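Close look at the chain arrangement
The residues making up each chain are set out below.
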Amino acid sequence: MIPLAVSRASGDAGLRFRTKSGELSGLVLDSLRGLSETIQYGDGVSRLDRIRQETQALAEDEVHMKRLAGRGQAVTGAVIFAFDALMLVLCAALYQAGAVGFDGVVIPVLALMSSFGPVVALANLGGTLQNTFAAANRVLALLDEAPVVDEIRGEAPCRFRGAEAQDVRFSYGGEEILSGLSMEIPRGSVIGVVGKSGSGKSTLLKLFLRFWETQSGCVSVSGRSVNEINTADLRTMESYVTQDTHLFHDSIAANLRIAKPDATQAELEDACRKASVHDFIQSLPQGYNTPVGELGDTLSGGERQRLGLARAFLHNAPFLLLDEPTSNLDSLNEAAILKSLGQAREGRTVVLVSHRLSTLRIADRIVAVENGRSC
């Protein structure tokens with residue numbers, strides 16, 4: 001009864017504590033990632049005050065939970081003491097009456113006192129399980145999250161023969177991004193895509209990858225809707241490169257082999273030469289075994305972007321989707337990469353999103369996207 005009463009008294013304290021703990025961890029991680037900006041703009045005091053406030057609120061919740069747990073333990077101890085005393089008095093009375101001998105006093109009293117260990121542990125669960133249940137609920141909530149798109153299996157295999165978008169409409173929440181966009185991408189072509197920021201260029205590439213689903217219209221690959229192609233086949237047919245390349249806390253070679261786990265050293269070097277990053281890697285003390293640091297922080301933006309391109313070359317997919325692939329590169333490296341793309345055009349179809357006219361010079365056709373439509 002005591003753990004049940006303590007649990008009811010605690011209410012949702014455990015959930016509040018776990019929620020605030022997660023928020024504090026996120027705030028600290030966000031602050032560490034943005035440390036350079038915080039220092040540059042003198043926002044350190046303000047951010048530190050916010051962390052202190054979150055920490056204080058978390059500490060207050062923890063004190064509240066500890067107080068409830070302490071009260072539960074105190075009540076449990078008092079109840080145990082009362083029953084021990086009652087047993088001792090009862091046995092003493094029976095002994096005085098001659099109903100039992102001395103062993104009849106010692107054995108029951110010791111048996112009762114020694115039996116309360118598990119009871120104490122059970123009584124303490126009322127407070128300690130609050131944290132456990134709250135943490136489990138957060139994990140289960142994540143596991144119960146429905147994916148934006150489901151994996152597709154069991155469809156007929158598909159080989160790349162071109163792609164097309166027909167009257168595609170797509171919205172983020174209530175904001176319409178694409179409104180009737182159509183685009184044909186013949187096999188073996190290089191299609192350049194230009195437009196203002198926010199016009200839907202990057203969104204279009206993600207729809208070809210089926211990261212999201214259209215509200216209406218059709219995105220098709222090889223004459224079949226991407227909703228009717230096995231997800232594994234779609235990922236095999238397509239490579240995607242953005243201006244913000246994510247690198248894991250591992251070596252350069254391990255980061256590259258994400259695109260092809262069984263790639264040989266020669267294949268890694270060939271892909272990096274195409275991405276104009278091989279010479280840079282060779283200049284590092286450990287070469288391809290050099291760690292890139294957390295989030296690739298030991299490398300520049302241009303170096304990370306070239307490693308992203310090397311991944312795409314290593315994956316060697318027939319449909320290459322490039323979203324501002326040279327935005328962080330100088331003219332020399334840009335020219336080297338564009339030359340590699342031009343030489344690798346055979347058997348490959350490229351959609352190239354860029355604001356740079358110099359990047360788009362390799363395109364066979366340029367499509368302008370404005371207000372969610374192609375023009």
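Rules behind the numbers
- Residues numbered from 1 in each chain as written.
- Predicted model: local features only at pLDDT ≥ 70, side-chain atom pairs only at ≥ 80, totals over all residues.
- Heavy atoms only, no water.
- Helix = DSSP H or I, 4+ residues; strand = E, 2+ residues; numbered from the N terminus.
- Rg over C-alpha atoms; globule rule 2.2 N^0.38 Å.
- Buried < 20%, exposed > 50% of the residue type's maximum accessible area, 1.4 Å probe, protein only.
- Contact = heavy atoms within 4.5 Å.
- Areas by Shrake-Rupley, 256 points an atom, 1.4 Å probe, with all protein chains shown as cover.
- Phe/Tyr/Trp six-rings, centres within 6.5 Å; stacked < 30°, edge-to-face > 60°.

What to know about the overall build of the chain
Helix and strand content of the chain: 13 helices and ten strands. In terms of C-alpha radius of gyration, the chain reaches 32 Å, well past the compact-globule figure of 21 Å for 375 residues. Relative to its 375 residues, the chain shows a buried fraction of 38%. Look at the contacts in the chain between residues 6 or more apart in sequence, and 73% of them connect residues 24 or more apart. A total accessible area of about 20800 Å² is found for the chain, and carbon and sulfur atoms account for 56% of it.

Describing the packing of aromatic side chains
Applying the stated criterion across every chain yields a total of six aromatic pairs. Ring plane angle 90 degrees and centroid distance 5.0 Å describe the contact between F170 and Y172, whose orientation is recorded as edge-to-face. Between the aromatic rings of F208 and F319, the centroid separation amounts to 5.8 Å while the plane-to-plane angle is 85 degrees, which identifies the pairing as edge-to-face. In this pair, F208 is assigned in helix 7 (residues 201–208) and F319 in strand 7 (residues 319–323), connecting sequence segments 111 residues apart. Residue class for F319 comes out buried when judged on its relative accessible area of 0%. Members of the aromatic cluster, connected to one another through ring pairs, are F160, F208 and F319.

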